[in-house]
Amino acid sequence: MAALRNSLALLPRLPRLLGAAPRVTSTCPQRTFTASQPFPVAQYGGRFTVTMIPGDGIGPEMMGYVRNIFRYAGVPVDFEEIQITKDSTEDEFEKALICIKRNGVALKGGKRHPLRYPDLDIVLIRENTEGEYSMMEHENVSGVVESLKVITRFASERIARYAFQYAERNGRSKVTAIHKANIMKISDGLFLETCWRVSKEYPHLEFSDMIVDNTCMQLVSKPHQFDVMILPNLYGNVVSNVACGLVGGPGLLSGRNYGEHFAVFEPGTRNTGTSVAGLNVANPVAMLNAACDMLDHLGLTAHSGLIRKAIDKTINVDLIHTADIGGQATSLDVVQNIIHEVQEATKGGSWLG
């Protein structure tokens, strides 16, 4: 059980421990990634309470920027901050789970990457509850370790339907299942067979499958061939990091974890950024995009749109870039420019419609 005390290993388990099960039926027309039943989101006087887990490395720094921008944007969200670090105990981790279950929503924190494909538009939908991340490992005899990979028809069908319904709702035309069924014929074979079976219910959507190692090569050489991708847990982790690297690295893209009753939002890659913590050089955009995803989930689309437009103008018009995407700006330069854009947009006082 000593391994459970490493919170960096524990944090990726949050979706599984919270009963993560992606569903596509919205409880609110504005929520495109929600469960079939209402989330137990705490609301007091029209405000939302959200669990904030800064984590290690640049996490606390990034969360400070989120708080600051939310204040200028008038976002009706209060944060209940829970400290989970690499030194946290299992009891502290359990308290964090209780906090997330109470509030229903959490925001979690988590080099130079060339901006090779600025027009890339791919959605990666990763099964987040089983596979190699089932944490079922044991040592039979000294020096011999077995790790069990769990694939079920239930979870495979759930994620496949989610992917196809997402593609249908969002005007996507192609779905690709990623696997290694040529080697893992039974486990990945079940995942692949299930995806093919579900695809028959969506004949208007193009469906194909691709072996995971070829997928990584194809992503780097011809990424525009992909649209929506369905992936088991481990492959989803690897391929999502490759995809983030193609468009600028871990500082730009956000990730979402959806379950039956809970949702956790975080940067698209789970890099803690320890080496640049406190140096005022980390790119805050991934964390801010995750925060905007959270606002969309809460139905606060006007606030989300306000901040997203400010981010877009900062990056694409004002060209305020941190070093990871080829610029020389500091973290504060980016945040202050976003705040300036928010202030300019709210001068008239009618931005909420």
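Since the model is a prediction, treat every value here as computed from it, not as a measurement.

Procedures and definitions
- Residues numbered from 1 in each chain as written.
- Predicted model: local features only at pLDDT ≥ 70, side-chain atom pairs only at ≥ 80, totals over all residues.
- Heavy atoms only, no water.
- Helix = DSSP H or I, 4+ residues; strand = E, 2+ residues; numbered from the N terminus.
- Buried < 20%, exposed > 50% of the residue type's maximum accessible area, 1.4 Å probe, protein only.
- Pairing = 2+ DSSP bridges.
- Salt bridge = Lys/Arg side-chain N within 4 Å of Asp/Glu carboxyl O.
- pLDDT = per-residue confidence, 0-100.
- Contact = heavy atoms within 4.5 Å.
- Axes fitted to C-alpha atoms, helices over the stretch in contact; angles between N-to-C directions.
- Core = buried A, V, L, I, M, F, W, Y, C linked by side-chain atoms within 4.5 Å.
- Polar contact = N/O pair within 3.5 Å; in protein donor to acceptor, adjacent residues only side chain to side chain.

(A) Expanded view of unusual backbone geometry. Of note in this structure, M135 is not a glycine but carries a positive phi near 60°. On the secondary structure map, M135 appears in the loop between β5 (123–126) and β6 (137–141).

(B) Highlighting the pairing of strand β10 (residues 228–231). Covered by surrounding structure in β10 are V228 and I230 together with M229 and L231, the residues of both alternating faces. Sheet topology note: the β5/β10 ladder contains 4 bridges and is parallel. By the bridge assignment, R126 is partnered in β10 with L231. Pairing between strand β8 (residues 174–179) and β10: 3 bridges, direction parallel. Counted as the bridge partner of T176 is M229 from β10.

(C) Spatial organisation of the pattern of salt bridges. Taken as a whole and judged by the stated rule, the model has 20 salt bridges. Residue R47 pairs with D78 through a salt bridge whose shortest N-O separation is 3.0 Å. Highlighted residues: R47 in strand β2 (residues 47–53) and D78 in strand β3 (residues 77–81), separated in sequence by 31 residues. One network of salt bridges, in which partners are shared, links E157, R161, E193, R197 and E201.

(D) Region of interest: the confidence of the model for the chain. Chain-level pLDDT for the chain is 82 on average; 81% of the residues reach the 70-or-more range. Long-range and interchain partners of residues 19–38, a stretch whose pLDDT sits below 50, account for 59 contacts in this model, where long-range means more than four residues apart.

(E) The arrangement of the pairing of strand β12 (residues 263–267) in detail. Burial runs high along β12: 5 of the 5 residues are buried. Relative to β12, strand β4 (residues 105–108) is paired through 3 bridges, and the arrangement is parallel. When the sheet's bridge partners are listed, A106 is paired in β12 with V264. As paired elements, strand β11 (residues 254–258) and β12 share 5 bridges and run antiparallel to each other. Paired with G255 across the strands is E266, a residue of β12. Hairpin connection from β11 to β12: 4 residues lie between these consecutive antiparallel strands.

(F) Local environment of the sheet that holds β5. Pairing is parallel in the open sheet, where 4 strands are placed in the order β5-β10-β8-β9. Every interior strand has two partners, whereas the edge strands, β5 and β9 (206–211), have only one. Neighbour-to-neighbour, the strand axes of this sheet turn through a mean angle of 25°, independent of strand direction. Along the sheet, helix α5 (residues 153–169) contacts β5, β8, β9 and β10; its crossing angle with β10, the most-contacted strand, is approximately 175°. Relative to β9, helix α7 (residues 212–221) is tilted by about 105°, and along the sheet it contacts β8, β9 and β10.

(G) Broad picture of the nonpolar core. If you look at the biggest cluster of nonpolar residues, it comprises 65 residues, and the most contacted ones within it are F70, V77, F79, L107, M294 and I307. Tallying contributions element by element places helix α9 (residues 285–297) first for this core, with 8 residues. What F79 contacts, discounting residues up to four positions off in sequence, is V50, M52, V66, R67, F70, L107 and M294. The next biggest cluster of nonpolar side chains, apart from the first, holds 14 residues, and it includes L120, I122, M229 and V247.

(H) Region of the structure containing the side chain of D227. Among the secondary structure elements, D227 is positioned in the loop between α7 and β10. In terms of polar contacts, D227 uses its side chain to reach the backbone amide nitrogen of S173, at 2.9 Å. Not counting chain neighbours up to four residues away, the residues in contact with D227 comprise D121, I122, V123, R172, S173 and K174.

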